[in-house]
Amino acid sequence: MLPGIPLTGQVDGAARVAAIPPESTTKGMYLADLMGRLAAAQVAEVWPTLQAAPRHGKYQPFLDYPFADALRWLHAVARHRHPNALLLEGLRLLGRDTVKVFLASRAGQVVRSMTLGPREALLRMPAMWKVTDPMHTVTASEPQAGVVHFEVHGFPGWIDCGLIGTLEQVVLSREVQPQIDVVLYGPEYGEFTVRF
């Protein structure tokens, strides 16, 4: 899979949201960013569907919020930002943005201050994900030079597109072209081999 080749295929977004366990959470920084990308009318459409709307209408960056709500915002933003793309491709493109959102946070600024190449940045991703989404298990290994292999368990949502976009952006942000091989065993379990 190459960054310039769009993902194709039909998926049921509502079924993905319904499959997320209620205890799965993510940090408010991502939800605030997604909500901020929508016009007031679009926010008003999503708001009544939320499992737990934020108090006072504002997400707090490092508080936990339902992951299912993150998917609701993701779907709305994907439809708004990429109206001509299928949902899979729209979510992949938004997955690239999660790296940018994290790097804009204080913790991300510390990471950005380090001079990391694609290898080092990719190998640190499991620890970064654990901070923002603690419910899953992601391991990374380096089977050979220029290759990082990820094994993903219990990562809710869109590992078949959003996670791909995130891994792509980690490498692209270092001005290197990635190629990603994907093997999916289920909606929350898969292996990703990133070559750069």
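You'll find the structure just up there.
Here's a quick rundown of the structure. Every chain begins its residue count from 1, and numbering advances along the sequence as written. Owing to the predicted nature of the model, reporting of local features is limited to residues with pLDDT of at least 70; listing and counting of side-chain atom pairs is limited to 80 or more, with chain, interface and lining totals taken over all residues. With hydrogens and water excluded, all non-hydrogen atoms of the structure serve as input to the side-chain values.

**Some words on the overall build of the protein chain**
- The helix and strand inventory of the protein chain stands at eight helices and six strands.
- In sequence order, the protein chain lays out its α and β elements as α-β-α-α-β-α-α-α-α-β-β-α-β-β.
- We compute the radius of gyration over the C-alpha atoms and compare it with the globule rule, which gives 2.2 Å times the number of residues raised to the power 0.38. Against the compact-globule benchmark of 16 Å for 196 residues, the protein chain has a radius of gyration of 16 Å, which places it among compact chains.
- The burial tally for the protein chain puts 47% of its 196 residues in the buried class.
- A separation threshold of at least 6 residues defines the contact pool for the protein chain, and within that pool the share at least 24 residues apart is 67%.
- Residue exposure ignores everything except the shown protein chains as possible cover, and the areas themselves are Shrake-Rupley values with a 1.4 Å probe. Carbon and sulfur atoms make up 57% of the accessible area of the protein chain, which totals about 9600 Å².
- Charged residues are defined here as Lys and Arg on the positive side and Asp and Glu on the negative side; His and the ends of the chain fall outside this count. Every charge is mapped to an atom, namely NZ of Lys, CZ of Arg, CG of Asp or CD of Glu. For the protein chain, the distance from the average site of its 18 positive side-chain charges to the average site of its 18 negative ones is 7 Å. Only runs of H or I of at least four residues qualify as helices and only runs of E of at least two qualify as strands under DSSP, and these elements are numbered from the N terminus. Burial status follows relative accessibility: with a 1.4 Å probe on protein chains alone, a residue under 20% of its type maximum counts as buried, one over 50% as exposed, and anything between as partly exposed. Contacts are assigned to residue pairs that have any heavy atoms within 4.5 Å of one another.

**Observations regarding the sheet that holds strand β3 (residues 137–144)**
- The pairing criterion for strands is at least two bridges between them, as found by DSSP. The strand order across the open sheet formed by four strands is β3-β4-β6-β5, and the pairing between neighbours is antiparallel. Edge positions in the sheet fall to β3 and β5 (179–186), since each of these pairs with one other strand and no more. Within the sheet, the average angular offset between the axes of one strand and its neighbour, ignoring direction, is 15°.
- In the sheet, β5 pairs with strand β6 (residues 189–195) via seven bridges, with the strands oriented antiparallel. Structural elements are reduced to axes, namely lines fitted to C-alpha atoms, with helices fitted over the stretch in contact, and the angle between N-to-C directions of any two is expressed from 0 to 180 degrees.

**Notes on the nonpolar core**
- Here the nonpolar core consists of buried residues drawn from Ala, Val, Leu, Ile, Met, Phe, Trp, Tyr and Cys, with membership extended through side-chain atoms lying within 4.5 Å. Counting residues in each nonpolar core, the largest one holds 28 residues, and the members touching the most others are L31, Y59, L71, W73 and L91.
- In terms of residue count, the dominant contributor to this core is helix α4 (residues 67–81) (nine residues).
- Beyond its immediate stretch of four places on either side in the chain, L91 contacts L74, H75, A78, W158, C161 and G162.
- F150, I164, V171 and V194 belong to the second-largest nonpolar core, a separate cluster that totals 20 residues.

**Observations regarding the packing of aromatic side chains**
- Aromatic pairs are defined between Phe, Tyr and Trp rings, using the six-membered ring for Trp, whenever the two ring centres lie within 6.5 Å; interplanar angles under 30 degrees are classed as stacked, those over 60 as edge-to-face, and all others as tilted. Across all of its chains, the model carries five aromatic pairs by this definition.
- With centroids separated by 5.7 Å and ring planes inclined at 75°, the aromatic side chains of W129 and F155 adopt a geometry described as edge-to-face. Residue W129 is found in helix α7 (residues 118–132), and its partner F155 is found in the loop between β4 (147–153) and α8 (162–172); the two are separated by 26 residues along the sequence.
- With 4.7 Å between their ring centres and 35° between their planes, Y185 and Y189 make a pair best called tilted.
- Take Y185: its relative accessible area is 46%, and that puts it in the partly exposed class.
- Taking the relative accessible area as the measure of exposure, Y189 reaches 29% and is therefore partly exposed.
- Through a chain of ring-to-ring contacts, the aromatic side chains of W129, F150 and F155 assemble into a single cluster.

**Considerations on the environment of P21**
- Take P21: it is sitting in the loop between α1 (13–18) and β1 (25–27).
- The sequence separation of P21 and P66 amounts to 45 residues, and the corresponding C-alpha distance is 9.0 Å.

**Overview of the pairing of β4**
- A large share of β4 lies buried, amounting to five of its seven residues.
- Across six bridges, the pairing between β3 and β4 is antiparallel. Within β4, the position partnered with T137 by the bridge is H153.
- Count of turn residues in the β3/β4 antiparallel hairpin: two residues, of which G146 carries a positive phi of about 80°.
- As paired strands, β4 and β6 are joined by seven bridges and run antiparallel to one another. Looking across to β6, one finds that H153 is bridged to Y189.

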